[in-house]
Amino acid sequence: MPEKQEIEITDLSLLPKNVFHLVPKELFDKFINKNGDYDCRYKKEWGNDSPFIHTTPTKKQLKERVADINWSNYPMKERFLLLKVNTGKINSRFTYSIIAGYSYHHIWGILPKESFQTL
């Protein structure tokens, strides 16, 4: 099986307007700083110490395909939050990977509170 490759997005106009990130509410509350910014990077309990935030380009893809295997094994009774992230409000590096024909966008920085809404 070929190794997953990170592809740099240099033209930010090619990004979807919004991407989606799913997180257990308990961990969301833990990863919010005093300013309301969210950052789950380098956390063992969510993202497996990943240096970026995992996202999918659509809610449909998130529902049909698991972007981050961590949450597929999380207890079903846990309440999850869906973050709708406005990519135009983030000043961070973006990459993506293609896995089984599906794109998964990666955000290499913190999500400022004005860049996302919880659903």
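What you see is a predicted model; the values in this text were computed from it and never measured.

Participant: Sorry, what's going on with the pairing of strand β2 (residues 18-24) here?
Facilitator: Strand residues, when the strand is regular, have side chains that alternate between the two faces of the sheet. A large share of β2 lies buried, amounting to seven of its seven residues. Burial along β2 is two-sided: the residues Asn18, Phe20, Leu22 and Pro24 and Val19, His21 and Val23 are all buried. By the bridge criterion, seven bridges tie β2 to strand β4 (residues 80-86) in an arrangement that is antiparallel. Residue valine 19 lies in a different strand from β4, and its bridge partner there is valine 85.

Participant: What's the story with the sheet that holds strand β7 (residues 116-118) in this structure? I'm lost.
Facilitator: Paired through their backbone hydrogen bonds, the strands of a sheet run either parallel or antiparallel. On the basis of which strands lie adjacent, the open sheet formed by three strands has the order β2-β4-β7 and antiparallel pairing. Unpaired on one side and paired on the other, β2 and β7 mark the two borders of the sheet. Ignoring strand direction, the axes of neighbouring strands in this sheet form an average angle of 25°. Across three bridges, the pairing between β4 and β7 is antiparallel. In the sheet register, lysine 84 faces β7, and the bridge partner there is glutamine 117.

Participant: Looking at this model, I keep getting lost on the sheet that holds strand β6 (residues 102-107). Mind explaining?
Facilitator: Pairing in this open sheet of four strands is antiparallel, and the strands run β1-β5-β6-β3 from one edge to the other. The sheet terminates laterally at β1 (7-8) and β3 (53-55), the two strands that pair on one side only. Where strand β5 (residues 94-99) lies against β6, six bridges are found, and the strand directions are antiparallel. Bridging from a neighbouring strand, serine 97 pairs with tyrosine 104 of β6.

Participant: I would appreciate a short explanation of the packing of aromatic side chains in the present structure.
Facilitator: Aromatic rings considered in pairs are described by the distance between their centres and by the relative angle of their planes. Under the defined criterion, the tally for this structure stands at six aromatic pairs. With centroids separated by 6.3 Å and ring planes inclined at 65°, the aromatic side chains of tyrosine 38 and phenylalanine 116 adopt a geometry described as edge-to-face. Of this pair, tyrosine 38 sits in the loop between α1 (25-30) and β3 while phenylalanine 116 sits in strand β7, placing them 78 residues apart in sequence. Note on accessibility: tyrosine 38 and phenylalanine 116 belong to one class, buried. Here the aromatic rings of tryptophan 46 and phenylalanine 80 are separated by 6.4 Å at their centres, their planes lie at 55°, and the arrangement is tilted. Of the two residues, tryptophan 46 is situated in the loop between α1 and β3 and phenylalanine 80 in strand β4; the sequence distance between them amounts to 34 residues. An aromatic cluster is built from Phe28, Phe31, Tyr38 and Phe116, whose rings are joined through pairwise contacts.

Participant: Please clarify how the nonpolar core should be interpreted in this entry.
Facilitator: Here is a general trend for soluble globular proteins: nonpolar side chains tend to be buried in one another's company. With 19 residues, the main nonpolar core has Tyr38, Val85, Ile107 and Leu111 as its most contacted residues. Secondary structure elements with two or more residues in this core: β2, α1 and β4. If one sorts the elements of this core by residue count, β4 sits on top with three residues.

What counts as what
Residues numbered from 1 in each chain as written. Predicted model: local features only at pLDDT ≥ 70, side-chain atom pairs only at ≥ 80, totals over all residues. Heavy atoms only, no water. Buried < 20%, exposed > 50% of the residue type's maximum accessible area, 1.4 Å probe, protein only. Helix = DSSP H or I, 4+ residues; strand = E, 2+ residues; numbered from the N terminus. Pairing = 2+ DSSP bridges. Axes fitted to C-alpha atoms, helices over the stretch in contact; angles between N-to-C directions. Phe/Tyr/Trp six-rings, centres within 6.5 Å; stacked < 30°, edge-to-face > 60°. Core = buried A, V, L, I, M, F, W, Y, C linked by side-chain atoms within 4.5 Å.

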